[in-house]
Structure formats: structure tokens, C-alpha cells
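Results of the structural survey
Chain residues, written in single-letter form:
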Amino acid sequence: ADVHNDGDKSRDTFTTAFVKNLIVVLVWFSLSYINSIVVATFFRNRVFYGNPRYILFIHMVINDAIQLTVTTTLFVLSYIFYTINVSFCCFFILVAVFTTRTSPVNLASMAIERYISICNPLRHAQICTARRTYTLIGFIWFICVVPDITDLFVTMATESLSFFHTRVFCLRQNVFKDPILTYKRQAFDTIYFSCVFLTLVYTYLRILFVARVLSSEKQSTQRARNTIMLHGGQLLMCMLSYISPTVETVLHFILPGRILEIRFANYLIVYMLPRFLSPIIYGVRDKEFRKYLKRYFVSDRFINDPMALIVTVGVLTSVS
């Protein structure tokens with residue numbers, strides 16, 4: 001969550017800081033509203049409970065909601081207090097990094113599920129069960145948590161206890177300072193994203209091949225191809241968080257004196273914009289889920305709130 005003035009002498013004026021925080025909080029509130037409706041729709045309709053496709057989808061929505069909430073909290077706290085206790089910072093950073101790392105791995109799992117559904121439909125129900133899906137989610141958590149927890153262990157071994165009672169501007173490099181952790185992080189990021197990228201490419205090409213052979217299933221294979229394409233776009237947006245420091249440096253060289261604006265735009269594009277895609281790809285875009293979503297939108301809860309009904313129905317019709 002590298003959001004702004006991390007040691008830079010320049011600071012925003014009160015008005016600028018207020019406007020930036022207002023924008024961030026409003027975007028967070030809008031996304032949280034959409035995500036909460038999507039999650040509520042899933043848990044209110046048992047028809048989705050046994051479907052691996054929707055289980056993985058709702059896992060991604062919840063994961064993105066947590067990631068967005070943590071990064072937004074860090075953004076606001078960095079303006080209010082500027083520095084926070086190292087122990088709290090460790091917690092925020094670890095959760096933010098874990099949820100950020102989980103997103104692309106979850107994307108790969110969803111692509112594999114679509115691949116099995118299209119390319120091996122007779123065994124789909126046997127391979128992709130709800131129990132195996134929850135086991136897969138547990139495995140995703142394990143492989144994503146372990147590399148980041150080691151950062152904490154290394155820091156606890158190399159830093160004194162008093163360090164965890166000091167205050168810092170909450171950036172990963174300000175807390176996990178051992179140089180070897182930077183190389184480890186780069187190695188793991190490269191491995192994770194390479195595996196996910198290759199998985200998306202392979203599943204897309206296989207589904208493309210099947211689509212040419214099975215003309216009778218053209219519509220379903222076309223939808224699966226489009227879904228994986230959207231996953232690919234979402235993955236590229238997730239990868240922006242790993243090249244954003246370099247891009248930020250280049251833009252700072254091109255536009256000197258605009259570092260705060262560059263970092264704010266970077267935060268919106270890299271950390272917030274990709275979170276719009278998750279509820280759209282499988283939530284609003286999926287016919288089955290959209291059917292239940294519309295029922296929930298026109299329930300008594302929304303009849304009492306006409307403005308909310310207008311906004312949410314507008315979102316649904318715009319992507320239908």
C-alpha cells in the first residue's frame with residue numbers, strides 16, 4: 001500500500017488531502033456496497049453453495065473487499081497520523097500483501113474450473129466438488145501466507161523488541177528492512193505470476209481449440225473464453241502493483257514536482273480500479289447469478305430506498 005509521501009518532504013495542503021481522502025473513501029464505500037450485495041446474494045441462495053464456480057467467485061470478492069478495506073485504512077491513517085506503531089503496521093502490511101497475492105492464484109483456480117467444465121464436461125461434477133473447492137481455497141491461503149509470514153519471523157530475529165514499539169510511515173520497506181526479503185519477495189512474485197499467466201494462456205488456448213471443434217457448444221465456450229480473457233485483464237491490472245514503483249519513478253522524472261498527484265493516481269488505478277472487476281465478471285455478467293441479484297435488488301429492503309434501487313438497477317442494466 002505505497003500510497004503517498006513516504007518520506008518525501010512535500011506534503012498535501014489540507015484541502016487537497018481532504019479531497020483525496022474523500023474520493024478514496026467514496027470509492028471504497030461504493031465498492032463495499034456492491035460487494036456486500038453480491039456476498040449477501042450468494043449466502044441467501046443455497047443453489048450456489050455446491051457450485052465450485054460460485055464458491056471461488058465469492059472467495060475472490062471477499063478477498064478483494066478485505067484488501068480494499070486494509071489499503072484504504074492505511075491511506076487514511078497515513079494522512080491523519082502520518083506514522084503508526086510498527087506492530088500495527090506489520091499487521092496491516094501482512095494482510096494487504098496476503099490478499100493481493102491471493103487474487104491472481106484465485107484467478108488461476110477459476111480459469112482451471114472453466115477449462116474442466118468445457119474441455120472435460122463429463123468429469124466436471126466428479127472433479128470439481130464443493131469439498132475439493134474449499135480444500136483448494138485452504139491450499140491457496142497456505143501458499144500465499146507462508147512466504148509473507150517468513151518476513152515477520154526474519155524481522156523479529158533481526159530487529160530488537162523496541163523496534164516494534166516505534167512509529168514509522170507504514171510501508172513494507174520501512175518495516176521489513178532486511179535486503180534479503182526484497183529479493184525473496186521478487187522471486188516469489190515472479191513465480192506466482194508466471195504460473196498464473198501460463199495457466200490463463202493454456203486454459204484459454206485449450207478452450208479456443210474446443211470451441212472450434214464443438215460447434216454445438218459454441219455459446220458456452222464463447223462465454224468461457226470471454227471470462228478467461230477478463231481474468232487475463234484482471235491479472236494484468238494486479239501485476240501493475242509490482243511495476244508501479246518503476247512507473248512512478250519514470251513519471252516523476254517526466255513530471256517533476258507532481259509526485260503526490262502521481263502517487264494518488266497510481267493508488268486509484270493499481271489498488272482500487274481492479275477491485276471493480278471481480279463482482280462484474282461472475283456476479284453481474286453471469287446470467288444465473290444476475291437472476292438472483294435482481295431479485296435481491298427489488299426486495300423490500302430496496303423498495304424503502306428508491307435511490308439505492310435506481311443506482312443498482314442502473315449498474316445491472318448497463319452490463320447486461
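Residues numbered from 1 in each chain as written. Predicted model: local features only at pLDDT ≥ 70, side-chain atom pairs only at ≥ 80, totals over all residues. Heavy atoms only, no water.

If you check an unreviewed UniProt entry, the protein chain appears there as Odorant receptor, family 90, subfamily A, member 1 from Salmo trutta. Within the UniProt record for the protein chain, the comment given under Subcellular location (unreviewed entry) is "Membrane". (UniProt positions renumbered as here; feature names shortened; annotations may be inferred.)

Along its length, the protein chain carries 13 helices and two strands. Put simply, the protein chain has 320 residues, and 46% of those count as buried. Sequence separation of at least 24 residues holds for 80% of the intrachain contacts in the protein chain that already meet a minimum separation of 6. Accessible area for the protein chain stands at about 16700 Å²; split by element, carbon and sulfur atoms hold 69% of it. (Helix = DSSP H or I, 4+ residues; strand = E, 2+ residues; numbered from the N terminus. Buried < 20%, exposed > 50% of the residue type's maximum accessible area, 1.4 Å probe, protein only. Contact = heavy atoms within 4.5 Å. Areas by Shrake-Rupley, 256 points an atom, 1.4 Å probe, with all protein chains shown as cover.)

So, about a nonpolar patch on the surface. On the surface, Phe14, Phe18, Val19, Leu22, Ile23 and Leu26 cluster together into a nonpolar patch covering about 600 Å² of accessible area. Relative to the assigned elements, Leu22 resides in helix 1 (residues 14–44). Under the relative-accessibility criterion, Leu22 is labelled partly exposed at 41%. (Patch = residues over 30% accessible without salt bridge, like charges linked within 9 Å, V, L, I, M, F, W, Y side chains within 5 Å. Salt bridge = Lys/Arg side-chain N within 4 Å of Asp/Glu carboxyl O.)

Attention shifts here to the packing of aromatic side chains. Scanning the entire structure with this criterion turns up 16 aromatic pairs. Ring centres of Tyr54 and Phe289 lie 6.0 Å apart, and the angle between their planes is 25°; on these two criteria the pair is classed as stacked. With Tyr54 in helix 2 (residues 52–80) and Phe289 in helix 11 (residues 287–297), the pair connects residues that are 235 residues apart, well separated along the chain. (Phe/Tyr/Trp six-rings, centres within 6.5 Å; stacked < 30°, edge-to-face > 60°.)

Within the UniProt annotation, "transmembrane region" (unreviewed entry) is assigned to residues 22–43, 80–100, 133–154, 191–214, 226–244 and 264–284. The annotated region residues 80–100 carries 76% helix and 10% strand content, and the separation between its end C-alpha atoms amounts to 24 Å. In residues 133–154, the share of helix is 100% and the share of strand is 0%. The end C-alpha atoms are 32 Å apart.

Below, the discussion takes up the environment of Gly50. On the secondary structure map, Gly50 appears in the loop between helix 1 and helix 2. In this structure Gly50 comes out as exposed when scored by relative accessible area, which is 53%. With 81 residues separating them along the chain, Gly50 and Arg131 place their C-alpha atoms 8.5 Å apart.

This part takes up the pattern of salt bridges. Evaluation of the coordinates by the stated rule reveals six salt bridges. Asp148 serves as the salt-bridge partner of Arg172, at 3.5 Å between the closest nitrogen and oxygen. Placement of Arg172 in helix 6 (residues 172–175) and of Asp148 in helix 5 (residues 130–158) is noted, with a sequence separation of 24 residues between them. Taken as a pair, Arg172 and Asp148 share a single burial class, namely buried. Residue Arg172 is joined to Asp151 by a salt bridge in which the shortest nitrogen-to-oxygen separation is 3.1 Å.

Attention now goes to the state of the cysteines. Disulfide: a covalent bond connecting the sulfur atoms of a pair of cysteines. One pass over the structure, following the stated rule, counts one disulfide. The partner cysteine of Cys89 in its disulfide is Cys170, sulfur to sulfur 2.1 Å. Linking Cys89 and Cys170, the disulfide has an S-S dihedral of approximately 100° and is accordingly described as right-handed. Within this pair, whereas Cys89 is found in helix 3 (residues 86–119), its partner Cys170 is found in the loop between strand 2 (167–168) and helix 6, the two being separated by 81 residues in sequence. Across the pair, Cys170 and Cys89 agree in class, each one buried. (Disulfide = S-S within 2.5 Å.)

With that out of the way, let us pick up the side chain of Asp148. The class for Asp148 is buried, based on a relative accessible area of 2%. Separated by 3.5 Å, the side chains of Asp148 and Arg172 make a polar contact. Beyond its immediate chain neighbours, meaning those up to four positions away, Asp148 contacts Leu94, Val97, Phe98, Arg101 and Arg172. (Polar contact = N/O pair within 3.5 Å; in protein donor to acceptor, adjacent residues only side chain to side chain.)

Contact geometry of helix 1 with helix 9 (residues 259–272) gives a least axis separation of 12 Å together with a crossing angle of 5°. The pairing of helix 1 with helix 9 is recorded here as roughly parallel in orientation. Taken together, the residues of helix 9 that come into contact with helix 1 (itself represented by Lys20, Ile23, Val24, Val27, Trp28 and Leu31) are Leu260, Glu261, Phe264, Tyr267, Leu268 and Met272. (Axes fitted to C-alpha atoms, helices over the stretch in contact; angles between N-to-C directions. Parallel < 35°, antiparallel > 145°, perpendicular 65-115°, else oblique.)

This part takes up unusual backbone geometry. Of note, the phi angle at Tyr82 is positive, near 65°, even though the residue is not glycine. Inspection of the secondary structure puts Tyr82 in the loop between helix 2 and strand 1 (84–85).

Turning our attention to the packing of helix 2 against helix 5. Helix packing for two helices is described by the angle between their axes and how far apart those axes are. One can describe the packing of helix 2 onto helix 5 by two numbers: an axis separation of 9 Å at closest approach and a directional angle of 30°. As the angle between them shows, helix 2 and helix 5 are arranged roughly parallel. With respect to the hand of their crossing, helix 2 and helix 5 are arranged in right-handed fashion. Where helix 2 abuts helix 5, its residues Pro52, Ile55, Leu56 and His59 lie against Ala130, Thr133, Tyr134, Leu136, Ile137 and Trp141. (Left-handed = near helix turned anticlockwise from the far one by under 90°.)

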